[in-house]
Amino acid sequence: EPEVTQTPSHQVTQMGQEVILRCVPISNHLYFYWYRQILGQKVEFLVSFYNNEISEKSEIFDDQFSVERPDGSNFTLKIRSTKLEDSAMYFCASSEMFRGQYFGPGTRLTVT
Amino acid sequence: GIQVEQSPPDLILQEGANSTLRCNFSDSVNNLQWFHQNPWGQLINLFYIPSGTKQNGRLSATTVATERYSLLYISSSQTTDSGVYFCAVEHLNSGYALNFGKGTSLLVTP
C-alpha cells in the first residue's frame, strides 16, 4: 500500500538555525499538508497546499515558515530561524479529494 | 472555529473487553477521520467516515452527521490497541484543514 514518507525521522538543531523537513506524498495525491504535535498535546494544522500554492494556513504558520514542492515528488517545510517552542513532531499528510488524509510517520524536531 | 470533544479522555481495559469512544463536534463537517497514534508516535488512519457506518476487523465506526457525533467501537481489545485515538474533522466550507480532538488515551492490560 502506498505510504507518505518523511525525512529525517529526528532532527536536532540549535535555536536560530534553519531547518528543512522533507516529505514524499502518495504519488497520485494532489493535496498536501503539514501538521505539528507538541509533546502531550493534540495535533495542530499548519498549512495546506494544492496546485503549487498555499490553499489555507493557520495562525501558527507565520513568516518563519514556508512550504515548497521543488519537484514532482517532494514537499518541504522550512523553518527559517528556529525557536525553542518549535520543538514538536511534524507530520506531513496527503490526500485525494473526498478520500481522507494519510499521514507520514513524522519528523521529531528538537530545538536546543 | 469548530470544536471537537472526545470522551473519555482516558480508558483502561483488560484484554478481551469491548469499548466505545465518542467524538462530538460543534458544526457541520465535510470529513471525519479516526486515527490511532501508536507508542512510536505514528498516526495510523483507521476510518474516513463523514457519515454512516464502516467496519474493519475488530474496529467499527459510526458517524451521525445530523447529530454531530461519531463513535469508534473496539471489540475484543488487544494490548496492541493501546495508544491514543484521535477524532479529526474538516469543517464544512472551511478549507481542508483537519481539526483534531484531544484524543482518548487507551491502555489495554494483559
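Residues numbered from 1 in each chain as written. Chains lettered and ligands numbered in written order. Predicted model: local features only at pLDDT ≥ 70, side-chain atom pairs only at ≥ 80, totals over all residues. Heavy atoms only, no water.

### A few points about unusual backbone geometry
The phi torsion of most residues other than glycine is negative, and most of the peptide bonds are trans. Note the following rule: A run of H or I in DSSP counts as a helix once it spans at least four residues, and a run of E counts as a strand once it spans at least two, with each numbered from the N terminus.
Threonine 7 of chain A connects to proline 8 of chain A through a cis peptide bond whose omega is -10°. Residue serine 7 of chain B is joined to proline 8 of chain B through a cis peptide bond whose omega torsion reads -10°. Unusually for a residue other than glycine, asparagine 52 of chain A sits at a positive phi of about 65°. Residue position: asparagine 52 of chain A is located in the loop between β5 (44–50) and β6 (53–57).

### A short note on the confidence of the model for chain A
Going by this rule: A residue's pLDDT is the predictor's confidence in that residue, given on a scale from 0 to 100.
When pLDDT is averaged along chain A, the result is 94, and 100% of the positions lie at 70 or above. The lowest-confidence element of chain A is β6 of chain A, averaging 92 in pLDDT; the highest-confidence one is strand β11 (residues 107–111) of chain A, averaging 98.

### What to know about the sheet that holds strand β3 (residues 19–25) of chain B
Residue and element names in this part refer to chain B. Quick reminder of the rule: Any two strands between which DSSP finds at least two bridges are classified as paired. To obtain an axis, a line is fitted to C-alpha atoms, over the contacting stretch when the element is a helix, and the angle between two such axes runs from 0 to 180 degrees between their N-to-C directions.
Across the sheet, which stays open at both edges, the 5 strands sit in the order β1-β3-β8-β7-β6 with antiparallel pairing between neighbours. The sheet is open, and its two borders are formed by β1 (4–7) and β6 (52–56), each paired with just one other strand. Geometrically, the sheet is characterised by an average inter-axis angle of 15° between neighbouring strands, direction not taken into account.

### Description of the side chain of aspartate 81 of chain B
Residues and elements named next belong to chain B. Selection criterion: The term polar contact refers here to a pair of N or O atoms within 3.5 Å; inside protein, the definition further demands a hydrogen-donor-capable atom paired with an acceptor-capable atom, and it admits residues adjacent in sequence only when both atoms are side-chain atoms. Contacts between residues were defined by any pair of non-hydrogen atoms, one from each residue, lying within 4.5 Å.
Turning to its location among the elements, aspartate 81 is positioned in the loop between β8 (69–74) and β9 (83–91). Within the local environment of aspartate 81, its side chain forms a polar contact with the backbone nitrogen of glutamine 78, the two atoms lying 2.8 Å apart. Apart from residues no more than four positions distant in its own chain, aspartate 81 is found in contact with His36, Arg58, Ile74, Leu106 and Val108.

### Description of the interface of chain A and chain B
The parts lose accessible area when they come together, and the size of an interface is often stated as this lost area. What counts is decided by this rule: Defined in terms of a 1.4 Å probe, buried area is the accessible area two parts forfeit on being brought together, summed over both. Salt bridge, as used here: a side-chain nitrogen of Lys or Arg that lies within 4 Å of a carboxyl oxygen of Asp or Glu.
With 18 residues of chain A in contact, the opposing surface of chain B contributes 20 residues. Each partner contributes to the roughly 1500 Å² buried at the junction of chain A and chain B, and carbon and sulfur atoms together form 59% of this total. Summed over the three residues of chain A that lose the most area to chain B, namely Lys42, Gln101 and Phe103 of chain A, the buried surface amounts to 29% of that side. Connecting chain A to chain B are 0 salt bridges.

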